[in-house]
Amino acid sequence: QCRPMDVPSNSRLLMLLGQLERMSRESMMTEAEIARQLTAKILHLIQTQDLQTTLNILYILSELLTVGGGRRVAVFVSKGGPAILLKLLISASKESPPSEELMLQLHSLLAKVGPKDRKFGVKARLTGALNVTVNLLKQNLLNSKLVLPCLQVLRVYSSNSVNAISLGKSGAVELMFKIVGPHTKKNTTLLKVALDTLGALLKSKTNARRAVDRGHVPLLLFAYQDWHRNDTRQRHMLIRKGLLASLRNITNIKCGRTAFIEADGMRVLYNTSNECLPVRTLDPLVNTSSLIMRKCFPKNRLPLPTIKSAFHYPLPHVPAGGPVAQIYSQMPGVDDVVDDSDEETEADMENDTENEEDEKDCRNDDIETDLSKLRPREIHSRPFEELRVYDKFFLELSEDFQVSGVPYGRTRVDEPPVNSTRHIHSPLLVGGIAAARRGGGGGSSAGGSDCGSEGPEEEGPLLEVPDTALLLPLHDPDLYVEMVKGTASVPRYSEVAYPDYFGHVAPTFREPLLERAYGVQRAKIFQDIERLIHPNDILDKVVYDLDIPSGPVIADDGESLKFNSQFESGNLRKAIHVRQHEYDLVLNSDINSNHYHQWFYFEVSGMRVGTDYRFNIINCEKSNSQFNYGMQVLMYSVQEAIGGKPRWVRTGEDICYYKNHFSRSSIATGGQKGKSYYTMTFTMNFSHKDDVCYFAYHYPYTYSTLKMHLSKLEDLRSPQIYWRQDVLCETLAGNSCPLLTITAMPEATTNDHLCPFKNRPVIFLSARVHPGETNASWVMKGTLEFLMGSSQLAHSLREAYIFKIVPMLNPDGVINGNHRCSLSGEDLNRQWQNPSHELHPTIYHTKSLLQYLAHIQRAPLVFCDYHGHSRKKNVFMYGCSVKETVWQSNISTSSCDLHEDLGYRTLPKILSQMASAFSMGSCSFVVERSKESTARVVVWREIGVQRSYTMESTLCGCDQGKYKGLQIGTRELEEMGAQFCLALLRLKRLTSPLGLRTQQHFLDVESDLMETRAKVTSPTTYVMEEDEPSFQEEVDYSADSNDDDPDPDVEASNEPEDAALHLDTLSDCETANHKK
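Cut-offs used in this document
Residues numbered from 1 in each chain as written. Predicted model: local features only at pLDDT ≥ 70, side-chain atom pairs only at ≥ 80, totals over all residues. Heavy atoms only, no water. Helix = DSSP H or I, 4+ residues; strand = E, 2+ residues; numbered from the N terminus. Buried < 20%, exposed > 50% of the residue type's maximum accessible area, 1.4 Å probe, protein only. Contact = heavy atoms within 4.5 Å. Pairing = 2+ DSSP bridges. Axes fitted to C-alpha atoms, helices over the stretch in contact; angles between N-to-C directions. UniProt positions renumbered as here; feature names shortened; annotations may be inferred. Parallel < 35°, antiparallel > 145°, perpendicular 65-115°, else oblique. Left-handed = near helix turned anticlockwise from the far one by under 90°. Nonpolar A, V, L, I, M, F, W, Y, C, P; charged D, E, K, R; others polar. pLDDT = per-residue confidence, 0-100. Expected span 1.5 Å × (residues − 1). Phe/Tyr/Trp six-rings, centres within 6.5 Å; stacked < 30°, edge-to-face > 60°. Salt bridge = Lys/Arg side-chain N within 4 Å of Asp/Glu carboxyl O.

(A) Local environment of the overall build of the protein chain. Each helix and strand in the protein chain was counted, giving 37 helices and 20 strands. With 1076 residues in all, the protein chain has 60% of them scored as buried. Here the contacts in the protein chain between residues at least 6 apart in sequence split such that 79% fall between residues at least 24 apart.

Spelled out as structure tokens, the structure:
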């Protein structure tokens, strides 16, 4: 309450204050304007009264602002109150000596109103108030009553970066260190404010260097240790947090990190953190300590001679200025350099994003805004005469097509019965050749596998194993080995991995997303820090290394695990035994590249039962991963397979993914400095002694597996199916790229039957342009099996469409264990605008097929490229829409520019109603500049296909529908491929004249579009940021990823329980037609 009796007899002032007091009691919101006018008058009176009157007015203002809260402070600021108080401060400082009471009241008021004034820091600097406060503080360090409000104001001043530098020059940093000190029970509030001020000042690199030069880092560590030791009842955690905040800001600069290490800061924070771990309320201290220690951990380069791939493939020509030319133009030894600059500050770490990401809250500058590029149109960039060579791939469209001329597939009715078991040698060697397990040596030449080449005849032990051909209709171990013989790999692999030989029978049990125990990631990080604290515990023994010319498997005393990755699609470059049961693993770059480390597939043997082994893959690149959100690695046990369970299973405990201390060379990051690699770590306890186990990023699907599956499908097809397998082209390494044509045979050769046959709409499908996205191949397998099936639905689908399918766009990348690129060292899904006949043959010829179709007026009804997504859950689609792109940009357009058929939304909408794993809410139809060279955008823009999609399948699992909370498996992926076929059948019926009798479906699509416009959360289809909720454990998981983003609005889907036939989704009329 106001105290009018303290105010001198001044009728005008008493009247004004009385009115404000009444308004304070009555809280009359309608009189806000009157309050503003009264405040303005009081501010005027402050400047025209004597000292005592001014003091009394300041007393009353202080009480009014304290009682009134933020609303009154905002009024005070809006009327220029802070500027008047700063002027009074300057005037009072010129008195000799200045009034202590007036200075006290002015600083108390400034501390209250300053944080609410956005321009307060600038005003204070321009008026000269900074030096006034600093000088006042210097002269009154023992006067705690005056020091506290001065510190509070300094804290506000320091929030402005320019002010922080100016205050540092004025000696404010040294002043704070005079106040900050060891444990004491006195003036803890003052100490807390001083630490807050110091933390703000040290955000300036100049001030941080000043603190380091004055030797203050050891003092901060001593003070933190002392407070930790004496604050046994945890009453002063804020002071301890303030000390850590100062250390955190100092260590943002290189000299600060050096001083921290020299002062034994790693050991101090490691020991204090371990003592804090049992007390959950001290987690903020542990987490900040962890961040500081990780930041100060000395940066190292990867333990490799070069970050270029261990294998090299000579290209027919190397484009000048291209990625391969840049890589191999580097001098030896300079392609991987540790950046010791101050580029990587904590701010950089917290806001760092991968080169293909944008933060959700930021405007997406990648959205295409050029309307001329947003209007799809057929572009005939090549003369038709040049495209006529592709006639041979479209025999079903030719005028002289003859049913009798189409060869039928082989049958196996007379085959002898297959034994339930078979005998094999270990290890599995192509053609019985036991060639030494060789390394790349960094210079392997190109060529095919060395099946049947000369070599020492060595056979391993004979094993009796189950014949999985009885369990898997499309798998034949002997046929697989034959297919491997015709597969050309750069390292000339001679071994066959057991999982690829045995095959994979999907487990019948569910595999839920892994729930991570509290504190797991922090424990892993602390174990990494122990390497620096206890260096004598480190073995640092290399046990596998592809860079050793004599062979990667290194002789051992039997105490270490054995590793191998020398088989098709394998990827493991180096294994280092670092501690008793811990191994650091390094992945190989894509061939002719120096990055793209994500896919792994390797063999482990020599394990002991009941031992927890920790595996760390230390050169991952993405800033976050679904390994942080429940995804597990895949393991295949040979012992389990021999026992009748040939299958990949999700496994591993204590899985996490975080930034490590290995520095990424700016050469591999497009010139960006200060980047680090990431560690994916997991713990494994093996169940069988002397087992041979394989670990993989996702379910492997090799090129030889594809060839085997296609051969089996062709053999098993019925005479009613038109199937043709052509070789579209040969890859750089000489592997064939298959092109499939699937449709229904015409019933007769009469025009009445041939005409509808030739005029069926074309569906064009492709997959596996990115080798590491193996889930795309499993989805494609489901599609192919459905298309070749004997069900009435499959027959109806074949009668409805002609399918052109390129099931593997990047065979070379798949064979050689690449994650993203082909042998050209380039991402093939960024080459569609202008593919090279020599360097990108599969893309060149696939685009040519589409251009041919466009020329003959048979452009596909649907184009879909199957992909995998490593950062999101569920299955979803990316498409192309002018309207939705314009909505997410600032383009000013007329309504005619936005006229667009909404048919592009129909297929995703159907899938959301039919497929349990499909999420309409995750779909996006925005076109970005950075995606203009992808298949989806080029086919939409240049071929004129409205329904041009990328279908993304999660590598992790689902958070909706009947698969919610489960990791995805091959059964679900194959089911998705089949459901895509069912959706195409539904699309056919909806777009037929009979289906157009009602417009209700299209009204639903329009309604969905309007809902999407109203609740867009992430306009980009590029790489959408993580949509996971934050964990309980507030650990900086990746140090630069946004793990606290809330879930975006996800549209719930209506999934039918039975996904096999979905007859319940068809109308009675459709069902009747289907059963005819």
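(B) Quick look at the sheet that holds strand β8 (residues 612-620). Pairing in this open sheet of 6 strands is mixed, and the strands run β3-β5-β6-β8-β12-β11 from one edge to the other. Of all strands in the sheet, those bounded by a partner on one side alone are β3 (541-545) and β11 (653-663). Here the strands of the sheet are splayed against their neighbours by 25° on average, with no regard to which way each runs. Alignment of strand β6 (residues 582-586) against β8, held across 4 bridges, turns out to be parallel. Across the sheet, residue Glu-582 finds its bridge partner in β8, namely Arg-614. With respect to the sheet, helix α24 (residues 520-533) is in contact with β5 (574-579), β6, β8, β11 and β12 (676-685), its orientation differing from that of β11 by roughly 45°.

(C) Expanded view of the sheet that holds strand β19 (residues 875-878). On the basis of which strands lie adjacent, the open sheet formed by 7 strands has the order β14-β15-β17-β16-β18-β20-β19 and mixed pairing. If you trace the sheet from one side to the other, it starts and ends with β14 (721-730) and β19, each paired once. Looking at each pair of strands side by side, their axes are set apart by 20° on average, direction ignored. Both strand β16 (residues 762-767) and strand β17 (residues 802-806) contribute to a ladder of 5 bridges, which runs parallel. Residue Ser-766 lies in a different strand from β17, and its bridge partner there is Val-806. Packing against the sheet, helix α29 (residues 792-800) makes contact with β14, β15 (736-744) and β17, and its axis sits at approximately 100° to β15. Lying over the sheet, helix α34 (residues 935-943) contacts β18 (862-869), β19 and β20 (947-954), oriented at roughly 170° with respect to β20.

(D) Local environment of the UniProt feature "active site" (unreviewed entry) in the protein chain. In this structure's numbering, the residues bearing the UniProt feature "active site" (unreviewed entry) are Glu-952. Along the chain, the position of Glu-952 falls in strand β20. Every residue in contact with Glu-952, bar those within four places of it in the chain, is listed here: His-867, Gly-868, His-869, Asn-874, Val-875, Phe-876 and Tyr-878.

(E) Representation of the packing of helix α14 (residues 216-230) against helix α15 (residues 237-250) within the structure. At their nearest, the axes of α14 and α15 sit 10 Å apart, and the two run at 155° to each other. What the angle tells us is that α14 and α15 run roughly antiparallel. Remark: the crossing between α14 and α15 carries left-handed chirality. The residues of α15 that touch α14, namely those facing Val-217, Leu-220, Leu-221, Ala-223, Tyr-224, Trp-227 and His-228, are Ile-239, Arg-240, Leu-243, Leu-244, Ser-246, Leu-247 and Ile-250. Tallied by class, residues from the contact of α14 with α15 come to 11 nonpolar, 2 polar and 1 charged.

(F) Quick look at the confidence of the model for the protein chain. On average, residues of the protein chain score 82 in pLDDT, and 76% of them reach the 70 mark or higher. In this model, residues 1-10 is a region of pLDDT below 50 whose contacts with residues beyond four sequence positions or in other chains number 20 contacts. This model gives residues 343-363 a pLDDT under 50, and the stretch forms 56 contacts once residues within four places in sequence are excluded.

(G) Representation of the environment of Leu-154 within the structure. With respect to the element layout, Leu-154 can be found in helix α9 (residues 144-158). The class for Leu-154 is buried, based on a relative accessible area of 1%. Taking the C-alpha atoms as reference, Leu-154 lies 6.5 Å from Thr-197; in sequence the two are 43 residues apart. Not counting residues within four places of it along the chain, the set of residues in contact with Leu-154 comprises Thr-133, Val-134, Leu-137, Leu-167, Met-176 and Thr-197.

(H) Quick peek at helix α26 (residues 703-716). Here α26 is 14 residues long and its end C-alpha atoms lie 20 Å apart, about the 20 Å a rise of 1.5 Å per residue gives. Across the 14 residues that make up α26, a large majority, 12, are buried. Of all the residues in α26, the buried ones are Tyr-703, Ser-704, Thr-705, Leu-706, Lys-707, Met-708, His-709, Leu-710, Ser-711, Lys-712, Leu-713 and Asp-715. In the core, the buried residues of α26 are packed alongside α22 (477-485), β14, β15, α28 (775-787) and α30 (811-815).

(I) Summary view of the packing of aromatic side chains. Under the definition given, this model contains 36 aromatic pairs. Each ring, one from Phe-567 and one from Tyr-694, has its centre 5.7 Å from the other, and the planes form 65°; the classification is edge-to-face. Taken together, the residues Phe-567 in the loop between β4 (562-564) and β5 and Tyr-694 in strand β13 (residues 692-696) connect sequence positions 127 residues apart. As far as the burial class goes, Phe-567 and Tyr-694 line up, both buried. Taking the centre distance of 5.3 Å and the plane angle of 80° together, the rings of Tyr-701 and Trp-778 count as edge-to-face. On the criterion of sequence distance, the pair formed by Tyr-701 in the loop between β13 and α26 and Trp-778 in helix α28 is long-range, its members being 77 residues apart.

(J) View of the pairing of β5. Of all 6 residues making up β5, 6 are buried, and the element is well covered by its neighbours. In the sheet, β3 pairs with β5 via 4 bridges, with the strands oriented antiparallel. If you follow Tyr-544 over to β5, its bridge partner there is Ala-575. Where β5 meets β6, 5 bridges bridge the pair, whose relative direction is antiparallel. Looking at β6, one finds that Ala-575 is bridged to Leu-585. Hairpin connection of β5 to β6: 2 residues between the antiparallel strands.

(K) Representation of the pattern of salt bridges. Within this structure, the stated rule accounts for 32 salt bridges. Ionic pairing is found between Lys-123 and Asp-117, a salt bridge with its closest N-O pair at 2.7 Å. On the basis of relative accessibility, which here comes to 8%, the residue Asp-117 falls in the buried class. Through salt bridges that share partners, Asp-528, Glu-530, Arg-531, Arg-579, Glu-582, Asp-584 and Arg-614 make up one connected network.

(L) Just the pairing of β16, in detail. Counted residue by residue, β16 has 6 buried out of 6 residues, so it is predominantly covered. Neither face of β16 is left uncovered, since the one carrying Val-762, Phe-764 and Ser-766 and the one carrying Ile-763, Leu-765 and Ala-767 both have all their residues buried. Sheet topology places β16 next to β18; 5 bridges connect them, and they run parallel. Bridge pairing in β18 links Leu-765 to Cys-864.

(M) Unusual backbone geometry, seen in detail. Across the junction of Ser-96 and Pro-97, the peptide omega takes the value -5°, indicating a cis bond. Positioned with a positive phi, Asp-540 is a non-glycine residue whose angle comes to about 50°. The topology assignment puts Asp-540 in the loop between α24 and β3.

(N) The arrangement of the packing of helix α33 (residues 906-914) against helix α35 (residues 970-991) in detail. At a closest axis distance of 9 Å, the pairing of α33 and α35 adopts a crossing angle of 125°. By the angle between their directions, the pair α33 and α35 is classed as oblique. Taken as a pair, α33 and α35 cross one another with a handedness that is right-handed. Facing Thr-906, Leu-907, Ile-910, Leu-911 and Met-914 of α33, the residues of α35 in contact are Met-976, Gln-979, Phe-980, Leu-982, Ala-983, Leu-984, Arg-986, Leu-987 and Leu-990.

(O) Summary view of helix α6 (residues 100-113). In this model α6 runs 20 Å from its N-terminal to its C-terminal C-alpha over 14 residues, within 8% of the 20 Å that 1.5 Å per residue would give. Along α6, 10 of the 14 residues are buried, which leaves the element largely enclosed by surrounding structure. Among the residues making up α6, those that are buried are Leu-102, Met-103, Leu-104, Gln-105, Leu-106, His-107, Leu-109, Leu-110, Ala-111 and Val-113.

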